[in-house]
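# Report on the structure
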Amino acid sequence: MRHIVGIAGLLALAALALVGGCGEPQFSDAEKKIIASLALNTLPSLKPDTTNRYADVPAAAALGSTLFFDVGMSRDGTLSCSTCHKIDRQFQDDLPQAVGVGHTNRRTMPLAGVARNPWFFWDGRRDSLWAQALTPLENPLEQAGNRAAFAHYIKKRFGERYERIFGPLPDLSTVPANAGPLGTDVEKAAWNAMPSGQQEDVNRVFANIGKAIAAFERSIEPEQTRFDRFAIDLATGAKPEGDAAFSPEEIVGLKLFIGKANCVTCHNGSRFTDNSFHNTGVPPIDGLPPDRGRVDGVAQVEADPFNCFGKFRDGDESACRELRFMVKDGPQIVRAYKTPSLRGAASRPPYMHAGQFATLDEVVAHYSKAPIAVEGVSEVHPLDLSDRERAALVAFLKTLSD
Amino acid sequence: MASIWRYILAGLGLAALLVGIVAAVYLTLPQSAPGPDLSRSKKTANGLFLASFEPERGAVRQGELQSWLLTLKTAAGAPVEGAAITVSGGMPQHDHGLPTSPQATDYLGEGRYRIDGVKFTMSGWWQLHFGISAAAGSDSVVFNVVL
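The structure displayed is predicted, hence computed values, not measured ones. (Residues numbered from 1 in each chain as written. Chains lettered and ligands numbered in written order. Predicted model: local features only at pLDDT ≥ 70, side-chain atom pairs only at ≥ 80, totals over all residues.)

This brings us to the pairing of strand E7 (residues 112–118) of chain B. Residues and elements named next belong to chain B. Among the 7 residues that make up E7, 5 are buried, leaving the element largely enclosed by the rest of the structure. Bridge count between strand E6 (residues 103–109) and E7: 5 bridges; the pairing is antiparallel. Residue pairing for E7: alanine 104 is matched across the bridge by isoleucine 115. The loop that links E6 with its antiparallel partner E7 comprises 2 residues; one of these, glutamate 110, has a positive phi angle of about 55 degrees. (Buried ≥ 20, exposed ≤ 12 C-beta atoms within 10 Å, placed from the backbone. Helix = DSSP H or I, 4+ residues; strand = E, 2+ residues; numbered from the N terminus. Pairing = 2+ DSSP bridges.)

Tallying the contact residues gives 14 residues for chain B and 17 residues for chain A. Counting residues per element, the ones that place at least two in the side of chain B that touches chain A are strand E5 (96–97) and E7 of chain B. Residues that form the side of chain B that touches chain A fall into these classes: 4 nonpolar, 9 polar and 1 charged. (Contact = placed C-beta atoms within 7 Å. Nonpolar A, V, L, I, M, F, W, Y, C, P; charged D, E, K, R; others polar.)

Attention now moves to the sheet that holds E5 of chain B. Residue and element names in this part refer to chain B. Sheet architecture is open: 4 strands sit in the order E5-E4-E8-E9, paired in antiparallel fashion. A single partner strand is all that each edge strand has here, and the edge strands are E5 and strand E9 (137–146). Two elements, strand E8 (residues 125–134) and E9, share 10 bridges in a ladder whose sense is antiparallel. Residue pairing across strands places isoleucine 132 opposite aspartate 139, the latter belonging to E9.

All names here are of chain A. The N-to-C vectors of helix H2 (residues 29–38) and helix H9 (residues 226–236) enclose an angle of 135 degrees; their axes lie 9 Å apart at closest approach. Classed by the angle they form, the pair H2 and H9 counts as oblique. Helix-helix and strand crossings are classified by hand; for H2 and H9 the assignment is left-handed. Side by side, H2 and H9 meet where Lys32, Ile35, Ala36 and Leu38 of the first sit next to Ala231, Leu234 and Ala235 of the second. In the contact of H2 with H9, the residues fall into 6 nonpolar, no polar and 1 charged. (Axes fitted to C-alpha atoms, helices over the stretch in contact; angles between N-to-C directions. Parallel < 35°, antiparallel > 145°, perpendicular 65-115°, else oblique. Left-handed = near helix turned anticlockwise from the far one by under 90°.)

Residue and element names in this part refer to chain A. As assigned here, chain A comprises domain 1 (23–43 + 223–293 + 334–398) and domain 2 (58–217). Taking the mean C-alpha position of each, domain 1 and domain 2 sit 33 Å from one another. Taken together, the residues of the side of domain 1 that touches domain 2 break down into 8 nonpolar, 6 polar and 5 charged. (Domains from an automatic or database assignment.)

In a soluble, globular protein the nonpolar side chains are often hidden away together inside. Residues and elements named next belong to chain A. Membership of the largest hydrophobic core comes to 45 residues, with the highest contact counts inside it found for Ala151, Phe206, Ile209, Ala212, Ile213 and Ala215. Those elements that provide at least two residues to this core are helix H3 (58–68), helix H5 (129–138), helix H6 (147–166) and helix H8 (196–217). The leading source of residues in this core is H8, at 10 residues. Those residues in contact with alanine 215 that lie beyond four places of it in its chain are Tyr54, Ala55, Val57, Ala60, Ala61 and Gly64. (Core = buried A, V, L, I, M, F, W, Y, C linked by C-beta atoms within 7 Å.)

With that out of the way, let us pick up the environment of glycine 180 of chain A. Residue and element names in this part refer to chain A. Summarising the element assignment, glycine 180 is placed in the loop between H6 and helix H7 (185–192). C-beta crowding within 10 Å serves as the criterion here: with 24 such atoms nearby, glycine 180 is assigned to the buried category. Distance in space between the C-alpha atoms of glycine 180 and leucine 169 is 18 Å, their sequence separation being 11 residues.

Turning to unusual backbone geometry, a few remarks are in order. Residue and element names in this part refer to chain A. With an omega dihedral of -5 degrees, the bond running from proline 349 to proline 350 counts as a cis peptide bond. Structurally, proline 350 is set in the loop between strand E2 (337–338) and helix H13 (360–369). For asparagine 275, which is not a glycine, the phi torsion comes out positive at approximately 55 degrees. Relative to the elements of secondary structure, asparagine 275 occurs in the loop between helix H10 (248–258) and strand E1 (277–278). Classification of asparagine 275 by C-beta neighbours within 10 Å gives buried; the count is 21. Even without glycine at this site, methionine 352 takes up a positive phi of about 80 degrees. Looking at the element boundaries, methionine 352 is found in the loop between E2 and H13.

All names here are of chain A. For the pair H3 and H8, interaxial distance at closest approach is 6 Å and the crossing angle is 100 degrees. As summarised for this structure, H3 and H8 are arranged roughly perpendicular, according to the angle between their axes. Packed against H3, whose contacting residues are Ala60, Ala61, Leu63, Gly64, Ser65, Leu67 and Phe68, the element H8 presents Ile209, Lys211, Ala212, Ile213, Ala214, Ala215 and Phe216 at the interface. Each residue belonging to the contact of H3 with H8 can be placed in one class, and the counts come to 11 nonpolar, 2 polar and 1 charged.

Pasting the structure below:
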């Protein structure tokens, strides 16, 4: 009798090992559905941008690419878009805050999939990729140029290429060498002295610079990762082989990500972002200017002459629904920042809108603890994850970079 | 022969016992919390109107700006024309509001109003509150949407 019990016990153990112990991931149907929704193969094709009629014109993308890497596109001729958006570093710069002509207060954002964003910058202060591309050009802390100087530079350096795409350049002979509404006092005065028709001519050239750069940036898309290979195998029922196979720790991390840790609430879809703005209690950095996030971004995008309602938009106003229906006030937009994509995040510290956290461990620890926001109300609640759980989440996040 | 019948009887008895146990467990389990009322058509809070709310084009898609239709009828079944409609809402379990500010943008006739700019950025329980003012008076209604 004792033998029989012993054999039955061994059989039961063997059965358990078969069911759960061979590294075969056990996911519920609900979990499988979420995992499938995160995989890159569910990313829809890029929609046309009707506000930029040159968005898919190859010559515009080619000119945009030239401009993106051209240090002539700055006040002192030493900085380009690519100074901070480094091509070999996921188009970001590894710094806590970007450094152009001066020191900014925000982390440079990577560019993979950027053309899919409804809002740009951490606070969504621009509403199109082409309007975004214009902003650093004139920011005194970034490329620090002025739009009159950019128009002259385009005419002198790229006049023929420009005119092949956008048509004849305006007469710039009486436009001051340096003038712009956001520049130095002298530049502002020069801008204000220009007739409005001339201002509009310069604005038109300036907008087209943004449209060319945006056309180039549309080609920057996220790449397949280990997670995607795992997710596709899981969805098709194939056994993940080689690097598509997840370690037990990575599986625990994935389960936490889509389960108890609630990460997928905001980091959803195949880009791991809901394209929205949230206050998650990330602390400010001493010494940086006050930063209220989305609430200030709303005011700025409304005031931007290059926004979707402005005269430089191509196509009709039906493309402006994000701007038309944006949330303009309320406590939820105070110190709210855009949910960043997590693709490639593990290999581009530091994290958050001003590089507050040096490692993913610090990021996960922040969300586990969920401190109270210094202003506004944090949407996250304490998770009290164990050391092992936090490490598992980090292990999973790394599969989005390999 | 008799012994086989005895086994069958015993088997039936065991099966019946099992069914009974399962039934007892099922009936005594705490009922899962009743989910929010998901009906797409209901009376407004004070019964002034009958309101229906549905996506203008088919399914609800997460993360996309969509337009919905709010159809209003009086208690007597007549379409409600010229209503002033306010929209608010959020996620009750997350203590946050809507990620967009939907508005009643067009009157499409027969009591139908287009509510544009609706976006659900995450899965879970969402609520949309409508304030309705028309000739018959003012009333409100809440619709729940679960993604």
